[in-house]
Amino acid sequence: MGVVLSYHSKLSNRAGMMRVLVLVITLLASAFASQLPTADNVEELVRTHAKHELTETETQEIHKVLNFLRTPKQNIEPLNDAFIDSSIDCLVCQSAFAAVFEGVRNGQTDKEVTDVIVNLCINLNIQSKHICDGAVSLNIPIITHIIRTTPEATPRSFCGHVLQNAHNPNFCRVTDPRFEWQINLPPPATPSNPPPVDTKPLKIAFITDAHIDPLYEAFGVAECGEPTCCRKGQSLPQSTVGRPAPAGYWGDYRNCDTPLWAYDDLIDRVAETHKDIDVVYYVGDTIDHFVWETTYELINDVNRHLIKKMRSSFGDDVLVIPTLGNHESQPTNQFAPSSVKGEYINTTWLYDALAEKWDHYLTEDAKVSMKDRGEFSILVRPGLRVISLNNNVAFTSNWWLAYDPLDAKRHLDWLVSELSKAERAGEKVHIITHVPPGARDLTFTWSREYNRIVNRFSATIAAEFNGHTHADQFKVYENSQGKPINVAWGGGSATTYTFYNLNYKIVEINPATYAPENIETYVYNLTEANLRPNVRPHWFKLYDMKNTYSLPDLSAESMNNLVRRMVTTDTHLLNIYAAFHFKLSDYRVPHCHMDCKLNQMCNIVTTVLWDSRRCEEIRRLHAQYSNRALN
């Protein structure tokens, strides 16, 4: 089902969604003949298609629509404002779910429901049969369970989140009132007995997004016609012209995950080069992108290898603090409330397994909360606490959102409780969590409420560390008075997926404030590494944040000033940031022009979904300064 609903990605970047909707209306008018179709007509047409009940004429019409969507068109004027708040991908999604709802209510088995959706997936040419089969079969047991047990759930409850748009809050908008909630924030507290300052230096290795593929095939097929390639057993599509370059030994810029030996080399390089590290933050996404064929056994094996390798390379005296990524679950992205115990649908199997694998690093209290919710809080040294937060529960592709929207709230309630205890104890806190704030992959309500928490506890939170995007980036929080208050640091990725160089970071922490004093980023060039498969890659320091950008410190105020400098007086730094954002990727850097660079600046200042005020200010500053320079 996850693949079925990724159909919207095929439609992204198509100019003018309204023209698409207008053509849908125009083409389907001939199918229904009597009147201009409504959204319900379109939904019924697609739903009927899923059940093999379309007439030949209707089948031809729906394929005309889908073929049109794959071809850019221009100058089609809007005819009907009724479609402004929707789109064809929203309708396809709702129609697929409507077919599932109907099947469940008619007493169909999970296999029968799966066959209907696989048929839709194949006949709409969304993916090949084995991918449709795998993805749908993995997800249907969860979806049908939610439909059977949750009367409030609707097709829009599912689709509105998975199709959430980063720029348009009305795109396939969710209207379910269950998703509107607020967390309670306590008044500030005065520390009763602040811990003594430890003057010993603190250095952290920051690693994220390994995406290890244990079946990676060096010199195999890197352009396989599937969403992810470079895996044993894959072959070139029949339509391939010529012979594409084979998969690289150390990884591949194309849609490929990380070879086991490339991950091992990264860990060994960190251990060999930075012998003075005290702590490792690993910020999730260990499992590969073959979401249609994940298994419990594969997930367990790869999670075990990841942490076992770290422990053997770093030694027992280096504390490793991990957090969960959205790829760790089975199926991918699915994180059920702890109250859900059913076989093949619960997530407690993952929490229990990781608590056992991470046992060496966890306190007894941390193990309890890890097994309950997949998150924990741990004291690194007197005065510094790390909170490993599971924000995958608010991931927009998590079907369980439609089952119990308040489960995500309970995780934030726990975060507030831990921050309150830290505040009373006079501790500083580092939060490590997989998905960064303001990302479209987190629900709006979560995004808004998390920002409220950061504002309330800005004096306690010394730093935040995220992964997920694979890009080297940071984000600056602002309070209601417009003052910069905190920074969330992105880790990049220990994978090349997609079109990145691998990297890791070394963070120097101020022992008095526990804020980052400097951050160094290390990479290797994949093109160069693959020219010498029998030689370990040449890792080098790409940059260090403080000196490269001429910063007095890494405070929120300094980072906010840097953003303004990059769009006004120091635009050469904008070019540097764009190159480092992609970690000098041979494939990405040449294609990032000014709009791409300004989007990166907007990404830095957007920490609440759909709040574009700071982004618009950045664009105005750049335009004003550019015009002044021209004059």
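First, a word on scope: everything that follows refers to the structure included in this document. As the structure is a computational prediction, the values presented were derived from the model and not from experiment.

**Remarks on empty space enclosed by the protein**
For the structure on display, the rule yields eight cavities of 30 Å³ or more. Size it by volume and the largest cavity reaches roughly 70 Å³. If you go around the largest cavity, the residues you meet are Glu 478, Asn 560, Val 563, Arg 564, Val 605, Arg 614, Glu 617 and Ile 618. Classifying every residue of the lining of the largest cavity gives three nonpolar, one polar and four charged.

**Some details on the pairing of strand 6 (residues 376–381)**
Of the pairings in the sheet, the one linking strand 6 to strand 7 (residues 384–389) comprises five bridges and is antiparallel in character. Of the residues in strand 7, the one forming a bridge with Phe 376 is Ser 388. Linkage of strand 6 to strand 7, two consecutive antiparallel strands, is achieved through a turn of two residues, within which Gly 383 is found at a positive phi near 105°.

**Regarding helix 19 (residues 594–605)**
For helix 19, which comprises 12 residues, the first-to-last C-alpha distance of 17 Å matches the rise-based estimate of 16 Å (1.5 Å per residue) to within 8%. Those residues of helix 19 that sit buried are Lys 597, Leu 598, Gln 600, Met 601, Cys 602, Ile 604 and Val 605.

**Side note on the pairing of strand 5 (residues 319–322)**
When strand 4 (residues 279–282) meets strand 5, the two strands line up parallel, connected through four bridges. For Val 280, the partnering residue across the bridge sits in strand 5 and is Val 320. Viewed along the sheet, the connection from strand 4 through helix 10 (residues 296–314) into strand 5 turns out right-handed.

**Side note on the pattern of salt bridges**
On inspection of all chains with the given rule, the structure shows 38 salt bridges. The salt bridge involving Asp 213 is made with Arg 231; its shortest N-O contact spans 2.7 Å. Placement of the pair is Asp 213 in strand 2 (residues 212–213) and Arg 231 in the loop between strand 2 and strand 3 (258–259), with a sequence separation of 18 residues. Here Asp 213 and Arg 231 have matching classes, each one buried. Measuring nitrogen to oxygen at the nearest pair gives 3.2 Å for the salt bridge that ties Arg 304 to Asp 301. On the criterion of helical spacing, the pair formed by Arg 304 and Asp 301 is a turn pair, its members being three residues apart in helix 10. Put simply, Glu 180, Arg 448, Glu 449 and Arg 452 are held in one network by salt bridges that share partners.

**Structural notes on the environment of Glu 180**
Tracing the backbone shows Glu 180 in the loop between helix 8 (155–162) and strand 1 (202–207). For the pair Glu 180 and Pro 405, spaced 225 residues apart in sequence, the C-alpha to C-alpha distance is 8.6 Å.

**Here's the deal with the state of the cysteines**
Under the definition given, this model contains four disulfides. With a sulfur-sulfur separation of 2.0 Å, Cys 230 is cross-linked through a disulfide to Cys 256. Taking the sign of the S-S torsion, about 60° here, the bridge from Cys 230 to Cys 256 comes out right-handed. With Cys 230 in the loop between strand 2 and strand 3 and Cys 256 in the loop between strand 2 and strand 3, this residue pair connects regions lying 26 residues apart in the sequence. The same class applies to Cys 230 as to Cys 256, namely buried.

**A few points about the sheet that holds strand 13 (residues 516–523)**
Judged by pairing direction, the sheet is mixed, and its six strands sit side by side in the order 5-4-1-12-13-14 without closing on themselves. Because the sheet does not close on itself, it has two edges, and the strands there are strand 5 and strand 14 (540–544). Across this sheet, the average inter-strand angle for adjacent strands is 25°, counted without regard to direction. Relative to strand 4, strand 1 runs parallel, the two sharing four bridges. In the strand pairing of strand 4, Phe 206 is matched with Tyr 281. Its contacts with the sheet put helix 9 (residues 260–273) on strand 1 and strand 12 (503–509), and the angle it makes with strand 12 is roughly 35°.

**Observations regarding the environment of Glu 293**
In this structure, Glu 293 sits in the loop between strand 4 and helix 10. Glu 293 gets classed as partly exposed once you look at its relative accessible area, which sits at 33%. Sequence separation between Glu 293 and Thr 332 is 39 residues, and the spatial gap between their C-alpha atoms is 10.0 Å. In this view, Glu 293 contacts Leu 138 and Arg 231; residues no more than four positions away in its chain are not counted. Within polar-contact distance, the side chain of Glu 293 engages the side chain of Trp 292 at 3.3 Å.

**Here we look at the packing of aromatic side chains**
A complete count under the given rule lists 27 aromatic pairs for this structure. When the ring of Trp 358 is compared with that of Phe 376, the centres are 6.4 Å apart and the planes differ by 65°; the resulting orientation is edge-to-face. Highlighted residues: Trp 358 in the loop between helix 11 (348–357) and helix 12 (364–373) and Phe 376 in strand 6, separated in sequence by 18 residues. The exposure classification of Trp 358 matches that of Phe 376, with both residues buried. Note on Tyr 543 and Tyr 549: the rings are 6.1 Å apart at their centroids and 80° apart in plane angle, and the pair reads as edge-to-face. In this structure Tyr 543 comes out as buried when scored by relative accessible area, which is 5%. By relative accessible area, Tyr 549 is classed as buried at 1%. Ring pairs connect the aromatic residues Tyr 216, Phe 219, Tyr 249, Trp 250 and Trp 261, which therefore count as one cluster.

**Description of the sheet that holds strand 9 (residues 461–466)**
In spatial order, the strands read 6-7-8-9-11-10; together these six strands make up an open sheet with mixed pairing. What marks the edges here is a single partner per strand, and that holds for strand 6 and strand 10 (474–478). Across the sheet, the mean angle separating the axes of adjacent strands is 25° when strand polarity is ignored. Here six bridges tie strand 7 to strand 8 (residues 428–433), and the two strands are oriented parallel to one another. Each residue of the ladder has a partner; that of Ser 388, found in strand 8, is Ile 432. Where helix 13 (residues 406–425) meets the sheet, it contacts strand 6, strand 7, strand 8 and strand 9, and its direction lies at approximately 180° from that of strand 7. Along the sheet face, helix 17 (residues 556–567) touches strand 10 and strand 11 (484–490) and points at about 75° away from the line of strand 11.

About the cut-offs
- Residues numbered from 1 in each chain as written.
- Predicted model: local features only at pLDDT ≥ 70, side-chain atom pairs only at ≥ 80, totals over all residues.
- Heavy atoms only, no water.
- 1 Å grid on protein atoms, 1.4 Å probe; cavity = no way out; pocket = protein on both sides within 12 Å on 5 of 7 lines; lining within 4 Å.
- Points joined across faces, edges and corners; volume = space filled by probe spheres on them.
- Nonpolar A, V, L, I, M, F, W, Y, C, P; charged D, E, K, R; others polar.
- Pairing = 2+ DSSP bridges.
- Helix = DSSP H or I, 4+ residues; strand = E, 2+ residues; numbered from the N terminus.
- Expected span 1.5 Å × (residues − 1).
- Buried < 20%, exposed > 50% of the residue type's maximum accessible area, 1.4 Å probe, protein only.
- Right-handed = clockwise from strand over helix to strand, strands pointing away.
- Salt bridge = Lys/Arg side-chain N within 4 Å of Asp/Glu carboxyl O.
- Disulfide = S-S within 2.5 Å.
- Axes fitted to C-alpha atoms, helices over the stretch in contact; angles between N-to-C directions.
- Contact = heavy atoms within 4.5 Å.
- Polar contact = N/O pair within 3.5 Å; in protein donor to acceptor, adjacent residues only side chain to side chain.
- Phe/Tyr/Trp six-rings, centres within 6.5 Å; stacked < 30°, edge-to-face > 60°.

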